[in-house]
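Residue-level structure breakdown
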Amino acid sequence: MTQAAAATKSSSKTEHFDVLIVGAGISGVGAAYHLKTQLPGTTFVALETQETFGGTWTTHKYPGIRSDSDLHTFGYRFKPWVGPPIAAASEILKYMNEVIDDNDLGKHIRYGHTIKRAEWSGKDNLWTLQVERKSDGALLTMTCGFLWMCQGYYRHSKGYTPEWAGMENFKGRIVHPQTWPEDLDYKGKRMIVIGSGATAATLVPAVANDTAHVTMLQRSPTYFIPGRNAIDIAEQLRALQVDEAWIHEITRRQILKMQDEFTTRSKEDPESVKAELLGAVKLFLGEDYDIEKHFTPKYRPWRQRIAFIPDGDLFQGIASGKASVVTDEIDRFTEKGILLKSGQELEADIIVTATGFDLEPLGEIDFHINGKPLKFGDTVTYRGMMFTGVPNMLWVFGYFRASWTLRVDIVADFVVRLLKHMKKTGTKRVEVAIPPSLKDMKLSTWIDPEDFNPGYVMRGMHLLPRRGDRREWQHTQDYWHEKDELPKIDLDGEEFVYDKAKVDA
Ligand SMILES: Cc1cc2nc3c(=O)[nH]c(=O)nc-3n(C[C@H](O)[C@H](O)[C@H](O)COP(=O)(O)OP(=O)(O)OC[C@H]3O[C@@H](n4cnc5c(N)ncnc54)[C@H](O)[C@@H]3O)c2cc1C
């Protein structure tokens, strides 16, 4: 059958689901679990453009790819994590696979399905989606009552690489970690990794033993937390043969308490936190190393995500001389490598641009509301989950300063409560709206750059919804309050606008 014929044939049948989940990463699989277990009888499907689940953990294949936060809190609250806290992508995928198998979620996930367009009709209170099926190129039509957006926050197909003068002259290979070539042979080669975020900090120690030398080239330093890849309390409880479910819960509580204290101290006493972080680095690199130049950021701790460095492997690589750090600016690429503004030339066979992502808030889906294109950046967010003028849709955007998955679980509880409420009251549409009492509320960008300012958010801020000056109208990034606030949200509050059926009910 030709592709066109397949498209015509398939698109003639419209499938309907109560809920449609976009994506099968940690958020999408979590959403599917909660729907299945908390709302039995709900019809739902998760559509995933990739050929398997995992999202971030499938997309990224560079050497050493691992989490930068602990898996007790990056894991779901309902499935104990039994390994060391920092985990490789393969271990995270194995864990997710167990969640899918144990709960028979596989039949609800369709891989190789890309949602291209989503159109809301207020007349029917339905989303209509156009979905491309990769296997035969067919364009399918699906409808759903509620859209649960678990598409992440960045473009998966390609990372962000700045344009530097002379890139075309470089005789070696330039690669981005997000699209790491399977055939890249770096054994015995000289490598430069541009950047010093979590990706660079993972990649450098992972290749240090095999490359001739690896240089981490950064414009400015980043904070890191080096430490043992183990959690004392989990080890102690395990030695006492305590049930894994208990270990998971207790370890999560301890980690979250410590993180809360750390976040508060970073704001209230940044100098002592800074001294602590730099002191830990000094233990690996010694007194003679220029920590001031290479590891002392200009910003206060926690304004950007701080990666945990298991067993200080990045610093061990530097101390051994297999890896080094250069803090300088790029003037241009040359045939042999990179010419720095200081005049030094770094030679390399491979240059890795660990320079981040491109923000992609809506999964590259062309959204329309009642026939009009959606300008997402013009909407205002309700708690970083729902958006004014966008009915029956919610986006899972996790935390920067705590594990993403903590929010997957508590937002799922909110969705379940909302859907149950709508069923009970016979309503088909819910929308958030700024109440008249707040009509003069001051609006600003999605996040305050003074509070948190990673590059991809700064570059793409205009694509993100705006926030108000009240907690309800912001993504507060504050798990510790949200865990108590979300369950108490009054679903009959004036910020929720339901369709007429509710008024008549
Ligand atoms: C290298 C790396 C390491 C990280 N480490 C951590 C960490 O240790 N701790 C932490 O808390 N956070 C970490 N993060 C942030 C991380 O992205 C999130 O924690 C989490 O994995 C995001 O999960 P998600 O399911 O929301 O989104 P994603 O993992 O981005 O998955 C979204 C899925 O949706 C699919 N999709 C998108 N658009 C469409 C569409 N139109 N149609 C169909 N499918 C679509 C994508 O293909 C993808 O599979 C890391 C991020 C990166 C890049």
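Note: the structure precedes this text.
If you're wondering where the values come from, they're calculated on a predicted model, not measured in any experiment.

Once that is clear, we can look at the sheet that holds strand S15 (residues 345-347). Spatially, S13-S14-S15 is the arrangement adopted by the 3 strands of the open sheet, whose pairing is antiparallel. Of all the strands in the sheet, just strand S13 (330-333) and S15 have a single pairing partner and so form its edges. Ignoring which end each strand starts from, the neighbouring axes of this sheet average 25 degrees apart. As judged from the 3 bridges shared by strand S14 (residues 337-340) and S15, these two strands associate in the antiparallel manner. Among the inter-strand pairings, isoleucine 338 is bridged to a residue of S15, identified as leucine 346.

Two numbers describe how helix H2 (residues 26-38) lies on helix H12 (residues 404-425): the axes approach to 9 Å, and their chain directions differ by 40 degrees. As far as their axial angle goes, H12 and H2 are oblique. As H2 runs across H12, the sense of the crossing is right-handed. Each of Ile26, Ser27, Gly30, His34, Leu35 and Gln38 in H2 lies in contact with H12, whose residues at this interface are Trp404, Thr405, Val408, Asp409, Ala412, Asp413, Val416, Leu419 and Lys420. A breakdown of the residues in the contact of H2 with H12 according to their chemical character gives 7 nonpolar, 5 polar and 3 charged.

This paragraph deals with the sheet that holds strand S16 (residues 350-353). Taken in spatial order, the 5 strands make up an open sheet running S7-S16-S8-S9-S12, and their pairing is parallel. Two strands in the sheet have a free side with no partner beyond their single neighbour: strand S7 (173-175) and strand S12 (323-327). Across the sheet, the mean angle separating the axes of adjacent strands is 20 degrees when strand polarity is ignored. Pairing geometry for strand S8 (residues 190-194) and S16, over 4 bridges, is parallel. If you follow isoleucine 194 over to S16, its bridge partner there is threonine 353. Against the sheet, helix H6 (residues 198-208) touches S8, strand S9 (213-218), S12 and S16, its axis set at about 165 degrees to S9.

Moving on, we come to the packing of aromatic side chains. Evaluation of the coordinates by the stated rule reveals 37 aromatic pairs. Each ring, one from tyrosine 76 and one from tyrosine 95, has its centre 6.1 Å from the other, and the planes form 15 degrees; the classification is stacked. On the criterion of sequence distance, the pair formed by tyrosine 76 in the loop between helix H4 (71-74) and helix H5 (89-102) and tyrosine 95 in helix H5 is long-range, its members being 19 residues apart. Across the pair, exposure class does not vary: tyrosine 76 and tyrosine 95 are buried alike. When the ring of tyrosine 153 is compared with that of phenylalanine 357, the centres are 6.0 Å apart and the planes differ by 90 degrees; the resulting orientation is edge-to-face. Of this pair, tyrosine 153 sits in the loop between strand S6 (139-149) and S7 while phenylalanine 357 sits in the loop between S16 and strand S17 (366-369), and the two are 204 residues apart along the sequence.

Moving on to the pairing of strand S2 (residues 44-48). For a regular strand, side-chain orientation follows a simple rule: the groups alternate between the two sheet faces. Of all 5 residues in S2, 5 are buried, a share of seventy percent or more. Every second residue of S2 is oriented toward a common face, with Phe44, Ala46 and Glu48 on one face and Val45 and Leu47 on the other, all of them buried. Sheet topology places strand S1 (residues 14-22) next to S2; 4 bridges connect them, and they run parallel. By the bridge assignment for S2, valine 19 is matched with phenylalanine 44. Between the parallel pair S1 and S2, the chain is carried across by H2, and the sense of this crossover is right-handed. Bridging between S2 and strand S3 (residues 109-111) involves 3 bridges; their strand directions are parallel. The residue bridging leucine 47 from the neighbouring strand is arginine 110, located in S3.

Conventions we followed
Residues numbered from 1 in each chain as written. Predicted model: local features only at pLDDT ≥ 70, side-chain atom pairs only at ≥ 80, totals over all residues. Heavy atoms only, no water. Pairing = 2+ DSSP bridges. Helix = DSSP H or I, 4+ residues; strand = E, 2+ residues; numbered from the N terminus. Axes fitted to C-alpha atoms, helices over the stretch in contact; angles between N-to-C directions. Parallel < 35°, antiparallel > 145°, perpendicular 65-115°, else oblique. Left-handed = near helix turned anticlockwise from the far one by under 90°. Contact = heavy atoms within 4.5 Å. Nonpolar A, V, L, I, M, F, W, Y, C, P; charged D, E, K, R; others polar. Phe/Tyr/Trp six-rings, centres within 6.5 Å; stacked < 30°, edge-to-face > 60°. Buried < 20%, exposed > 50% of the residue type's maximum accessible area, 1.4 Å probe, protein only. Right-handed = clockwise from strand over helix to strand, strands pointing away.

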